[in-house]
Amino acid sequence: MKKYIKFIVAGLIVLIFILTFIFLWVKSQPQPVVYDEFTPKVMDLKKTTIVTGKIEPRNEVNVKPQISGIITELLKEAGQTIQAGEVIAKVKVIPDMGQLSSAQARLRLAGINLKQAQVDYAREKQLFDKGLVSADEYDKIHQAYKQAKEELSAADDNLQVVRDGVSKRNASTSSTLVRSTVSGLILDIPVKVGNTVILSNTFNDGTTIASVADMSDLIFRGNIDETEVGQLVTGMPMKITIGALQDEHLQASLEYISPKAVENNGANQFEIKAAITNPSISIRSGYSANAEIVLDHVEKALTIPESAVEFQGNATYVNIVKGSADKKTYERRKVVTGLSDGINIQIKSGLKSTEKVRGPKVVADTEDEE
C-alpha cells in the first residue's frame, strides 16, 4: 500500500512540474499586437476654450462723505435696494480749529462792518430826507448797508457749516447726510456707528460709506491666454456657468478684449469682458464662473479620433486597415486634417468614410493576464 502511495505522490509532482513548464512557456511566447480600429464618423465639430473669471456689476459706485466727521447713524444696510438721493448715514462734523477760528473772526468782522454801515445809512437817510444829499449818494450808502447785512448772514452760515456741517438755511441739502449717488443694491457698508470718516481730497481717496451697484446690468470678467485671444472677436456668444449654481447657465456676449497683456503665473493673458443677457436668476456680485467660448466650428465634418493620427512635421498620416480579420495589414497614408476639438479631428481629404483606420495599441488589463 505504501508503495502505491509513493508512486502516486511522485506522479503528482511530475504532473505539477510539466504543467508549470507549459504555463511558463506559453507566457513567454510573444503576444500578438492588437490595435484599436476606428471607422470615420460624420459629426459637427467645434473647438472651445474655457475662461475662468467672476461675475460682477458693470458699474459699482463707492459712496463717500462730503465732510470729515464721525458716523452717528446708519439708515441702510447691505442687501437693501436704494434710490439715488436716499440718505445712507449721518455724520457729525469734527471742525478744523483753523477754519473754525477764521469763520468766527469773519463773523465778528461782519458784525462790526454792519454796525458802521447802519450808522452811515441812518445819517445819510436824514440828510436825504432834508434834501441835502443827492439820490445817487443816498443809493450808494443804502447799497453798502444791504451788502453789510448780506455779509453778516453769509459769515453766520459759514460758521455753522464749519462747526456743524450744515447751515439752517440749507438744512435739506446738508453735507452731514450721506446720500446715495445712484440707484441700485447696497453691496456693502464697511463702516459702523462711531467710525471716523474723511472726505476725498488730493491726498487720499476718502472713506467709503457704502458700495452701490445696479445688479440688473452684470458682466463676466476673466483672462484668456495669448495663444487663443487672436481667435476672439467682439460679439461672440459665450455660455457662463457659475460655480455655486452648477445647474444654471447664462448667456453672454463678448464686448471687450484688452489690447494689453498682463502676466499671470508666467503666462501672458488678456482681460476680456462679456455682457450677461437677461439673467433669470438672482446673482450675487463676485460669484466665480467659467465661460465657454466656441473658437471655431465645422458642420458635418468627417472625423476620426485624434489618437489615430500620426503627426510628422507639417504632415499627418493614418494607417488604413487592410486584409482579412485573420491576417491584417496596414497602409500608411497621408491625409489632410482640419479642426480638432482635442478628442476628434477633421479629415479634409485622403480618407473615405468606409475605410477603417488603425488606432493605438490595445493595452491588456493586468487582472485579465493574471
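Predicted model only: the values in this text are computed from it and were never measured. (Residues numbered from 1 in each chain as written. Predicted model: local features only at pLDDT ≥ 70, side-chain atom pairs only at ≥ 80, totals over all residues. Heavy atoms only, no water.)

## Description of the sheet that holds strand S9 (residues 196–197)
So, point 1. Read from one edge of the open sheet, four strands run S7-S6-S4-S9, paired in antiparallel fashion. Both edges of this open sheet fall to strand S7 (177–179) and S9, since each of them pairs with a single strand only. (Pairing = 2+ DSSP bridges. Helix = DSSP H or I, 4+ residues; strand = E, 2+ residues; numbered from the N terminus.)

## Quick notes on the packing of aromatic side chains
So, point 1. Per the stated rule, a full pass over the model turns up three aromatic pairs.
So, point 2. Taking 5.0 Å as the distance between ring centres and 5 degrees as the angle between the ring planes, the aromatic pair formed by Tyr 121 and Tyr 145 counts as stacked. Of this pair, Tyr 121 sits in helix H2 (residues 97–129) while Tyr 145 sits in helix H3 (residues 135–164), and the two are 24 residues apart along the sequence.
So, point 3. Judged by its relative accessible area of 16%, Tyr 121 falls in the buried class.
So, point 4. Aromatic rings pair up to connect Tyr 121, Phe 128, Tyr 138 and Tyr 145 into one cluster.
So, point 5. Against the face of Tyr 256 rests Lys 273, its NZ or CZ located 5.1 Å from the ring centre.
So, point 6. Directly above the aromatic system of Tyr 330 lies the positively charged group of Arg 358, at a separation of 4.8 Å from the ring centroid. (Phe/Tyr/Trp six-rings, centres within 6.5 Å; stacked < 30°, edge-to-face > 60°. Buried < 20%, exposed > 50% of the residue type's maximum accessible area, 1.4 Å probe, protein only. Lys NZ or Arg CZ within 6 Å of the ring centre and 35° of its normal.)

## Looking at the environment of Gln 312
So, point 1. As for its placement among the helices and strands, Gln 312 is situated in strand S16 (residues 310–312).
So, point 2. Contact partners of Gln 312, with chain neighbours within four places excluded, come to Tyr 317 and Arg 332. (Contact = heavy atoms within 4.5 Å.)

## Here we look at unusual backbone geometry
So, point 1. If you check the backbone angles, Asn 265 has positive phi at about 55 degrees while not being a glycine.
So, point 2. With a phi angle near 50 degrees, Lys 300 is a residue other than glycine that sits in the positive phi range.
So, point 3. Its place among the elements puts Lys 300 in strand S15 (residues 288–305).
So, point 4. In this structure Lys 300 comes out as exposed when scored by relative accessible area, which is 71%.

## Structural notes on the side chain of Asn 344
So, point 1. As for its position among the elements, Asn 344 is in strand S19 (residues 344–349).
So, point 2. Sequence-distant contacts of Asn 344, defined by excluding residues within four places in its chain, comprise Met 43, Leu 45, Thr 303, Ile 304, Pro 305, Glu 306 and Leu 339.

## Re a nonpolar patch on the surface
So, point 1. Together, Ile 8, Leu 12, Val 14, Leu 15, Phe 17, Ile 18, Leu 19, Phe 21 and Ile 22 make up an exposed nonpolar region whose accessible area comes to about 920 Å².
So, point 2. When you line up the elements, Ile 18 lands in helix H1 (residues 2–28).
So, point 3. Relative accessible area serves as the criterion here: at 41%, Ile 18 is assigned to the partly exposed category. (Patch = residues over 30% accessible without salt bridge, like charges linked within 9 Å, V, L, I, M, F, W, Y side chains within 5 Å. Areas by Shrake-Rupley, 256 points an atom, 1.4 Å probe, with all protein chains shown as cover. Salt bridge = Lys/Arg side-chain N within 4 Å of Asp/Glu carboxyl O.)

## Side note on the environment of Gly 342
So, point 1. Summarising the element assignment, Gly 342 is placed in the loop between strand S18 (328–340) and S19.
So, point 2. A C-alpha to C-alpha distance of 9.4 Å links Gly 342 and Thr 48, two positions 294 residues apart in sequence.

## Remarks on the pattern of salt bridges
So, point 1. Counted according to the given criterion, the structure contains 17 salt bridges.
So, point 2. A salt bridge links Arg 106 to Glu 151; the shortest N-O distance between them is 3.1 Å. A residue pair is termed long-range when its members are at least 10 positions apart, and Arg 106 in helix H2 and Glu 151 in helix H3 qualify at 45 residues.
So, point 3. Linking Glu 331 and Arg 333 is a salt bridge whose minimum nitrogen-to-oxygen distance equals 3.6 Å.
So, point 4. Because the salt bridges share partners, they merge into one network encompassing Lys 54, Glu 56, Arg 221 and Glu 271.

What is shown is where atoms sit, not what they do.
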